[in-house]
Amino acid sequence: MRAHVVIIGAGYAGAMAAKRLLRTRSDVTVTVVNPRPHFVQRIRLHQMIAAGYDTTVSFDRALPRAAHRVFGEVTTIEARLGRLTLDDGSVLDYDYLVYAVGSGQSPTTGAAEHRFIVSEFEDAVRLKSRLAALDEKAAVCVVGGGLTGIETAAELAEHRSSRITLVTGGIVAPDLSERARSAILRTLTDLGVDIVTESRVTRIDDAFCELAGGVRVEADCTILATEFGVPELARRSGLPVDDLGRLKLDDRLECPSHPNIVGAGDAVAVGDLSLRMSCQAAIPLGVHAAETILHRLEGSAPRPVAPKFAGRCISLGRRRGVFQRTNGVDDATGMFVAGRAGAFVKERVCSSTTDWALSPRRSFFYSWT
């Protein structure tokens, strides 16, 4: 009998899992469930909001032709029955399930109508429309000193005459080396970005962001680029989750309570490993999840995951960037590249990442084994 594998999510992890499964075996039926009918280059959403970059890729290119496509949201996983329920009331049965639902922006203080998000496609489209409606010199506040916030602030500063302020509750780029961080701060300052550190946002209004202590930062548009969270699907379905709501997996990417559920991407916690939410982790995890299922179908033991990180890339507009070399467990080393060379590396990595996700081939991104 043909095994039916259902993949929830068609991001970097889900797309890779589908391609790996269908490239390897012809006796497997793969169904991909996704809320939208296209693949999103999430790592380029900051380019879309600032300069109109098209971040979508047709599923005709992103997924194998043999993959069945179902558009909708999964509301419940009935693991005991091997069944999914979708938001339209329809039901899907599965033999194996790949949990690749991804991540999204965590909520923060402030009325929803006054804050905008860059991490999800639909939210980024709404943000793009908001920015287009503003005066060119309007004040924009970006909240979050991580890589998403840095890239968003730099991209906007390069393409607009707006007053751009970057606010973070800690320091900018806390996981990078001191020298790489200094290069980023110099570039942001050169682009005209005002930087406010060690200041937590307590309130967002239509004209300002209020910081702890009562200080107000003028903002006709406030963009959230703070920590990411994950959907509540696993928790709601009674599956084992960690404190963040990520599905708990062993080092073979199997759910201990239901081994026919494997996971990949931002919404999973793999054993004792600390994996950064990123496409650099999602792509090889998607491949490895597929390989775990293939091993089970062949009656052999799946192999444990062995992370192999390489670096962190940050764009600072279109002309400058930083590549921070990391060791295998993703800790920053002393080696980094900045300026135009950093922008070149960042663009090559972004282009290659999409190529690997859509046309997988052997590379250091391809598999963690």
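Attention here is on the structure that accompanies the text.

1. Some points on the sheet that holds strand β25 (residues 321-326)
Here is step 1: One open sheet holds the 3 strands; their spatial order is β24-β25-β26, and the pairing between them is antiparallel. In the strand order of this sheet, the two ends are held by β24 (311-315) and β26 (332-338), each with one partner. Taking each pair of neighbouring strands and ignoring which way they run, the sheet shows an average axis angle of 15°.
Here is step 2: Relative to β26, β25 runs antiparallel, the two sharing 4 bridges. By the bridge assignment, Val 322 is partnered in β26 with Ala 338.

2. Re the nonpolar core
Here is step 1: In terms of nonpolar packing, the biggest core is built from 65 residues, with Ile 77 and Leu 84 touching the most fellow members.
Here is step 2: A per-element tally of this core places helix α8 (residues 279-298) first, with 10 residues.
Here is step 3: Excluding its chain neighbours within four sequence positions, the residues that come into contact with Ile 77 are Ile 8, Arg 83, Leu 84, Tyr 94, Leu 97, Tyr 99, Leu 233, Ser 237, Leu 239 and Ile 261.
Here is step 4: In this structure, Val 142, Val 172, Ala 180 and Ala 225 belong to the second largest nonpolar core, which totals 38 residues.

3. Points about the packing of aromatic side chains
Here is step 1: One pass over the full model with this rule turns up 2 aromatic pairs.
Here is step 2: Here Tyr 12 and Phe 39 contribute two aromatic rings whose centre-to-centre distance is 5.2 Å and whose plane-to-plane angle is 90°, an arrangement assigned as edge-to-face. Linking Tyr 12 in helix α1 (residues 12-24) with Phe 39 in strand β3 (residues 38-40), this pair joins segments that are 27 residues apart in sequence. Neither residue differs from the other here; Tyr 12 and Phe 39 are each classed as buried.
Here is step 3: When the centroid spacing of 6.1 Å and the interplanar angle of 10° are considered together, the rings of Phe 59 and Phe 71 count as stacked. In this pair, Phe 59 sits in helix α3 (residues 59-62) while Phe 71 sits in strand β5 (residues 68-71), placing the two residues 12 residues apart along the sequence.
Here is step 4: According to the relative accessible area criterion, Phe 71 is partly exposed, its value standing at 45%.
Here is step 5: Here the guanidinium or amino end of Arg 216 rests over the ring plane of Phe 208, the centre of that ring lying 3.9 Å away.

4. Re the pattern of salt bridges
Here is step 1: The tally for this structure, following the rule as stated, stands at 27 salt bridges.
Here is step 2: For the salt bridge of Arg 25 with Asp 27, the shortest nitrogen-to-oxygen distance reads 2.7 Å.
Here is step 3: Across the salt bridge formed by Arg 320 and Asp 190, the nearest N and O atoms sit 3.7 Å from each other. Remark: Asp 190 occurs in helix α6 (residues 178-190) and Arg 320 occurs in the loop between β24 and β25; sequence separation between them is 130 residues.
Here is step 4: The class for Asp 190 is exposed, based on a relative accessible area of 58%.
Here is step 5: Each of Arg 36, Arg 42, Glu 120, Glu 122 and Asp 266 takes part in salt bridges that share partners, so that together they form one network.

5. Side note on the sheet that holds strand β6 (residues 74-78)
Here is step 1: With respect to topology, 3 strands assemble into an open sheet ordered β6-β7-β8, the strand pairing being antiparallel. The open sheet is flanked by β6 and β8 (91-93), the only strands paired with a single partner. Ignoring which end each strand starts from, the neighbouring axes of this sheet average 20° apart.

6. Here's the deal with the packing of α1 against α8
Here is step 1: At a minimum axis separation of 7 Å, α1 and α8 run at an interaxial angle of 35°. Regarding α1 and α8, the two cross each other, and that crossing is right-handed. Contact residues: Tyr 12, Ala 13, Met 16, Ala 17, Arg 20, Leu 21 and Thr 24 in α1; Cys 279, Ala 282, Ile 283, Gly 286, Val 287, Ala 290, Glu 291, Ile 293 and Leu 294 in α8.
Here is step 2: Across the contact of α1 with α8, the residue classes break down as 12 nonpolar, 2 polar and 2 charged.

7. Quick notes on the side chain of Asp 250
Here is step 1: Turning to its location among the elements, Asp 250 is positioned in the loop between β20 (247-249) and β21 (254-255).
Here is step 2: If we skip the residues at most four places from it in the chain, Asp 250 touches Pro 256, Val 270 and Gly 271.

8. Quick word on the environment of Ser 278
Here is step 1: Tracing the backbone through its elements, the reader meets Ser 278 in the loop between β23 (268-270) and α8.
Here is step 2: Given the relative accessible area of 12%, Ser 278 is considered buried.
Here is step 3: Sequence separation between Ser 278 and Tyr 12 is 266 residues; the distance between their C-alpha atoms is 9.3 Å.
Here is step 4: Not counting residues within four places of it along the chain, the set of residues in contact with Ser 278 comprises Asp 266 and Phe 309.

The rules behind the values
- Residues numbered from 1 in each chain as written.
- Predicted model: local features only at pLDDT ≥ 70, side-chain atom pairs only at ≥ 80, totals over all residues.
- Heavy atoms only, no water.
- Pairing = 2+ DSSP bridges.
- Helix = DSSP H or I, 4+ residues; strand = E, 2+ residues; numbered from the N terminus.
- Axes fitted to C-alpha atoms, helices over the stretch in contact; angles between N-to-C directions.
- Core = buried A, V, L, I, M, F, W, Y, C linked by side-chain atoms within 4.5 Å.
- Buried < 20%, exposed > 50% of the residue type's maximum accessible area, 1.4 Å probe, protein only.
- Contact = heavy atoms within 4.5 Å.
- Phe/Tyr/Trp six-rings, centres within 6.5 Å; stacked < 30°, edge-to-face > 60°.
- Lys NZ or Arg CZ within 6 Å of the ring centre and 35° of its normal.
- Salt bridge = Lys/Arg side-chain N within 4 Å of Asp/Glu carboxyl O.
- Left-handed = near helix turned anticlockwise from the far one by under 90°.
- Nonpolar A, V, L, I, M, F, W, Y, C, P; charged D, E, K, R; others polar.

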